[in-house]
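Chain by chain, the residues run as shown.
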Amino acid sequence: MNHRIDSELYHELAEFGARDMEICMQCGTCSASCPLSSGTNTFPRKIYRYLQLGLRDKLLESPEPWLCYYCGDCNKDCPRGAEPAETMMATRRWLIAQYDWTGLTKRFYLSKAWQIGAFLVVALGIILLFYVAHGPIVTGRVELNTFAPVSWITFGDKCMLSILGALLLANGFRMYRYIMGDMKPPLLLYIKEAKSFILHYLTQKRWRDCGVERRSRWLRHVLLFSGYVTMEVLVVAFLSSFQTDVIHPLWHPTRVFGYYATVVLMIISADMMISRYKQKEDLHRYSDFTDWFFLILLFMTAFSGILVHFFRLAGWPLMTYGTYVVHLAIAVGMLCVMLPFGKLSHLLYRPLAIFLSTVKEKASTASKVDLTDVKAEVGEIFLSCMQCGSCTSVCPWNQISSYRPRQILRQLTLGTGTEQAVEQGVWTCVTCNACGANCPRGIEIIDVIRAVRGLNVSRGKIPESLTAPLNSLKDNGNPWHGVGEKRLEWAGDLDLPAFKPEHEYCVFSCCTTAYDPTNRKAGRALVQLLKYAGIAYGTLGLEEICCGDPAHKIGAVELFSELVGKNTALFLRAGVRKIVTTSPHCLNAFKKNYEALQGAVTSEHYTELLDRLVGKGQLKPILKVVRTVTYHDPCYLGRQNGIYEAPRRVLTRIPGLTLVEMANNSENSLCCGGGGGGAWYNTPRSQRLGALRVEEALSTGAEVIVTACPYCVRVLNTAVEELGVSSQIAVQDLAELLLQSVMMPDEAHIMERVALEYDLEVCHA
Ligand code: SF4
Ligand code: SF4
Ligand code: SF4
Ligand code: SF4
């Protein structure tokens, strides 16, 4: 579902001849004009989009460029004057280069010298071979088979075609891998649809649908193809009758077919060259060198072949032998350069693309999500979506890949989604709520995503990476496979008393604080600060279990209710009135999803409490922390609960500390990717939001990323490690940083006095 953005793609395609990518405004007129664009394979607009966004993977997995037959209908109505047919052509060239593992195709397309050079090397090699290894030269009469024994030529033919065929098939296999991706349709489906490959290979039937006036181009191409295939069959399968020293009668099949193939190849390749030269039909405005080179070589192959025949009929031995060598040099040179590495490779790629897209279409199952079920879960407001795309444009995934919540809503509403787009698509979301916060219709997109996830879970369709945290929640009461008895280990030797009703606060430690080693320090710092501030606090200790946020966001509804029930009973039984949470996710769950607690128990995130304590002077940040820091707003603290200022106020009260903001801050903060199950989801390393956020933090010049969420601490720490930037930037929880500056009340008093006396001394001096 996710696709990496590659800024180089645009430039690469420009090298292959794409000229107008930047002027396309995605109106879709071209797709509407294209006679071959269909509901499932819409183009060429889509291809422009991939090019504009740098979606390399999407382009590689697209069969569409091969489904276009370059009729040019799309060129006529573009309001921006773009020529989509040319861009589709350039994309095909680029694709051929991507399929080719040797890298030669790219060299040939981008350099005439390489292409001509490679041809000349092969051609001269053939001439040299004949020079050193020809048979006896009979000059009294034409004995071509003595000069070039048929058995040698047949052997050479077979060797060459095996090598070139293997190279082409290897590239075809790469094309298959790109197009099919992770999809694994049953073998039977491939076998059943093989007919489409054969049919389109032999007839290029699809081209006939390219508008009535284009049929002549289709016919020309079919004739050319028939000539080419006829010639191949004659020289590979029937060479012993085709290359004989006996002159067959005119009606002999080898002569009839030989003449047919030659005439067709010569006339049509000449006509195509004239058409390119005159640019009739408004096409071929930007012929690539290879287009010309191929037609010239094809013409020359046929022409030199018929010359050999005429010289033989005329009884001119030396002219026959000499022209024969030249003919073979051109033919072999052309095949070596054009079949696996150039224009001729479309012989395989076009029918293969049609075949694979047919298989793909038949294998992709329609989404089974019932709109009624989603409505029952989240109401009907999402049906008011006006497809403005604001959600998609702010979704953080679109900074490194492509993800479209707008499309999920559209497909859900219209019932046009596939399992891949809807059921699988919802797992990518990290529930950061950037979309919901920016939706002009006030649609809570996360709720819709969660509802679809819930339906997935009820059908047992959960990504493998998310089953582990869910199982652990069931078995251990936490998502990290942590042992219940070790839940308090994080506190070490700190004074963490058991909660009593007379305590003002119940400290609720997130499972990530409890079991993730990178978060222990943060939890311990909070407890120390509460102690310094003289707060009466306690913990439910080993009785604590997960707040249920991961289960809720993954869509495991029953499990979440179970955890809510257990926690609610625990809090009420223990006489808890105020909860202070280490995680904004716990805060969010208690505030929004624990109905039975509303009115009885208040919940607060620790940054709010620390802000108050610092404000009232119960905590005095006195020691200088000379650091430049940047604050990463956790989504569940900021966008979900509107807490932006409290943590910033605390930071600005720390002496010596400089707070710099990232470009995306507060309401526009970029998600680290840890929420909504993201902490466990198997996201490829190159596509992690955490890395994006660390890079943004680095660009501010900060030495520390301060945050206030255990998921963020964990994810950002991992990103710092993976990027190898731990010598440049560190990740710290806000409580840790504050602790560095805060002294116990007595010590603070002394420190204040010392500081004051020092200032006075400086003043006197
Ligand atoms: S018609 Fe032109 S502007 Fe519109 S989508 Fe096609 S190429 Fe882009
Ligand atoms: S050239 Fe023809 S087949 Fe290709 S995209 Fe344009 S209209 Fe469609
Ligand atoms: S922002 Fe809202 S209205 Fe716009 S496409 Fe997304 S869900 Fe629909
Ligand atoms: S919640 Fe965040 S990740 Fe999910 S769709 Fe919305 S913006 Fe994208």
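Residues numbered from 1 in each chain as written. Chains lettered and ligands numbered in written order. Predicted model: local features only at pLDDT ≥ 70, side-chain atom pairs only at ≥ 80, totals over all residues. Heavy atoms only, no water.

**Q** How would you summarise the overall build of the chain if you had to cite specific residues and measurements?
**A** Regarding its fold elements, the chain presents 36 helices and eight strands. Against the compact-globule benchmark of 27 Å for 765 residues, the chain has a radius of gyration of 36 Å, which places it well outside the compact range. On the principal axes, the C-alpha backbone points of the chain span a range of 120 × 70 × 50 Å. For the chain, the proportion of its 765 residues judged to be buried stands at 56%. (Helix = DSSP H or I, 4+ residues; strand = E, 2+ residues; numbered from the N terminus. Rg over C-alpha atoms; globule rule 2.2 N^0.38 Å. Buried < 20%, exposed > 50% of the residue type's maximum accessible area, 1.4 Å probe, protein only.)

**Q** With reference to specific residues and values, describe the site of ligand 4.
**A** Lining the immediate surroundings of ligand 4 are 13 residues, of which Cys395, Cys429, Cys432, Asn433 and Cys435 lie closest. When the residues that make up the shell around ligand 4 are grouped by side-chain class, the tally is 11 nonpolar, two polar and no charged. (Near = heavy atom within 4 Å. Nonpolar A, V, L, I, M, F, W, Y, C, P; charged D, E, K, R; others polar.)

**Q** Would you mind going over the sheet that holds strand β3 (residues 578-581) in detail, with residue names and values included?
**A** Strands sit in the order β2-β1-β3-β4 across an open sheet of four strands; the sheet is parallel. Strands with a single pairing partner mark the edges of an open sheet, and in this sheet they are β2 (537-538) and β4 (602-605). Pairing of strand β1 (residues 505-508) with β3, which is carried by three bridges, proceeds in the parallel orientation. Each bridged residue has a counterpart across the sheet, and for phenylalanine 508 the counterpart in β3 is threonine 581. Where helix α30 (residues 584-593) meets the sheet, it contacts β1, β3 and β4, and its direction lies at approximately 160° from that of β4. (Pairing = 2+ DSSP bridges. Contact = heavy atoms within 4.5 Å. Axes fitted to C-alpha atoms, helices over the stretch in contact; angles between N-to-C directions.)

**Q** Lay out the pairing of strand β7 (residues 704-707) with the relevant residues and their values.
**A** Taking every second residue as pointing to the same face, both faces of β7 are buried, with Val704 and Val706 on one and Ile705 and Thr707 on the other. Across three bridges, the pairing between strand β5 (residues 628-631) and β7 is parallel. Pairing of tyrosine 631 across the sheet is with valine 706, part of β7. Relative to strand β8 (residues 730-733), β7 runs parallel, the two sharing four bridges. Bridging from a neighbouring strand, valine 706 pairs with glutamine 732 of β8. Crossover handedness for the path β7 to helix α34 (residues 710-723) to β8: right-handed. (Right-handed = clockwise from strand over helix to strand, strands pointing away.)

**Q** So, the packing of aromatic side chains: which residues are in play, and what are the values?
**A** Under the definition given, this model contains 26 aromatic pairs. Chaining the aromatic ring pairs together yields one cluster made of Phe173, Tyr176, Tyr190, Phe197, Tyr201, Phe225 and Phe355. Of note, arginine 19 hangs over the ring of tyrosine 286, and the distance from its end group to the ring centre comes to 3.9 Å. Directly above the ring of tyrosine 69 sits arginine 350, whose terminal nitrogen or CZ lies 4.2 Å from the centroid. (Phe/Tyr/Trp six-rings, centres within 6.5 Å; stacked < 30°, edge-to-face > 60°. Lys NZ or Arg CZ within 6 Å of the ring centre and 35° of its normal.)

**Q** Explain the site of ligand 2 to me, using residue names and the numbers behind them.
**A** Contacts to ligand 2 come from 14 residues, most closely from Cys34, Cys68, Cys71, Gly72 and Cys74. Of the residues in the shell around ligand 2, the class split is 12 nonpolar, one polar and one charged.

**Q** Describe the environment of asparagine 145, and please don't skip the residues or the numbers.
**A** Along the chain, asparagine 145 falls in helix α10 (residues 144-147). Sequence separation between asparagine 145 and threonine 244 is 99 residues, and the spatial gap between their C-alpha atoms is 6.6 Å. Leave out the neighbours within four places in its chain, and asparagine 145 touches Val150, Gln243, Thr244 and Asp245. Engagement of the side chain of asparagine 145 in a polar contact is seen with the backbone oxygen of glutamine 243, the distance being 2.9 Å. (Polar contact = N/O pair within 3.5 Å; in protein donor to acceptor, adjacent residues only side chain to side chain.)

**Q** Just give me the short version of helix α17 (residues 317-338), but keep the residues and values in it.
**A** Given a rise of 1.5 Å per residue, 22 residues ought to cover 32 Å, and the 31 Å separating the end C-alpha atoms of α17 matches this to within 8%. With 18 of 22 residues buried, α17 lies mostly within the body of the structure. (Expected span 1.5 Å × (residues − 1).)

**Q** Tell me about the environment of proline 501, residues and numbers included.
**A** Here proline 501 is to be found in the loop between α25 (464-476) and β1. Its relative accessible area of 46% is what places proline 501 among the partly exposed residues. A C-alpha to C-alpha distance of 6.2 Å links proline 501 and valine 576, two positions 75 residues apart in sequence. Beyond its immediate stretch of four places on either side in the chain, proline 501 contacts Ala574, Gly575 and Arg577.

**Q** Account for the pattern of salt bridges, with residues named and values stated.
**A** One pass over the structure, following the stated rule, counts 28 salt bridges. Between lysine 578 and glutamate 504 there is a salt bridge, and its shortest N-O distance comes to 2.7 Å. Placement of lysine 578 in strand β3 and of glutamate 504 in the loop between α25 and β1 is noted, with a sequence separation of 74 residues between them. Under the relative-accessibility criterion, glutamate 504 is labelled partly exposed at 30%. Each of Arg93, Arg276, Asp291 and Lys343 takes part in salt bridges that share partners, so that together they form one network. (Salt bridge = Lys/Arg side-chain N within 4 Å of Asp/Glu carboxyl O.)

**Q** Give a description of helix α18 (residues 346-363) that names residues and reports values.
**A** The end-to-end C-alpha distance of α18, which contains 18 residues, comes to 25 Å, matching closely the 26 Å that a straight helix rising 1.5 Å per residue would cover. The buried fraction of α18 is high, at 14 of 18 residues.

**Q** Please provide a residue-by-residue account of the state of the cysteines, values included.
**A** Under the defined criterion, the tally for this structure stands at zero disulfides. Cysteine cysteine 671 remains unbridged, with the sulfur of cysteine 635 as its closest cysteine sulfur at 3.8 Å. Residue classification places cysteine 671 among the buried residues on the basis of a relative accessible area of 3%. (Disulfide = S-S within 2.5 Å.)

**Q** Give a detailed account of the side chain of threonine 290, specifying residues and quantitative values.
**A** The residue threonine 290 is located in helix α16 (residues 289-314) in this model. For threonine 290, a relative accessible area of 2% puts it in the buried group.

**Q** Describe the sheet that holds strand β6 (residues 658-660), naming the residues involved and giving the relevant values.
**A** Strand-to-strand pairing in sheets goes through backbone hydrogen bonds, with the strands running parallel or antiparallel. What the four strands build is an open sheet, ordered β6-β5-β7-β8; its pairing is parallel. Each having just a single partner strand, β6 and β8 make up the two edges of the open sheet. For this sheet the average axis-to-axis angle between neighbouring strands, irrespective of direction, equals 35°.

**Q** Could you give an account of the side chain of glutamine 98, naming the residues involved and the relevant values?
**A** Mapped onto the elements of the fold, glutamine 98 is located in helix α7 (residues 84-99). For glutamine 98, a relative accessible area of 16% corresponds to the buried category. Contact partners of glutamine 98, with chain neighbours within four places excluded, come to Glu12, Arg56, Leu60, Arg174 and Tyr178.

**Q** Go over the confidence of the model for the chain with me, naming the residues and quoting the values.
**A** One rule of thumb: low pLDDT means the predicted coordinates there are not for detailed reading. Summary statistics for the chain give a mean pLDDT of 91 and a share of 95% for residues scoring 70 or more. Counting interchain partners and residues more than four positions distant, the pLDDT-below-50 stretch residues 748-765 has eight contacts. (pLDDT = per-residue confidence, 0-100.)

**Q** Describe the packing of helix α21 (residues 405-414) against helix α24 (residues 445-458), and please don't skip the residues or the numbers.
**A** At a closest axis distance of 11 Å, the pairing of α21 and α24 adopts a crossing angle of 60°. When the interaxial angle is binned, α21 and α24 end up oblique. Relative to α24, the crossing made by α21 is left-handed. Together, Pro405, Leu409 and Leu412 of α21 and Ile445, Val448 and Val452 of α24 make up the contact between the two elements. (Parallel < 35°, antiparallel > 145°, perpendicular 65-115°, else oblique. Left-handed = near helix turned anticlockwise from the far one by under 90°.)

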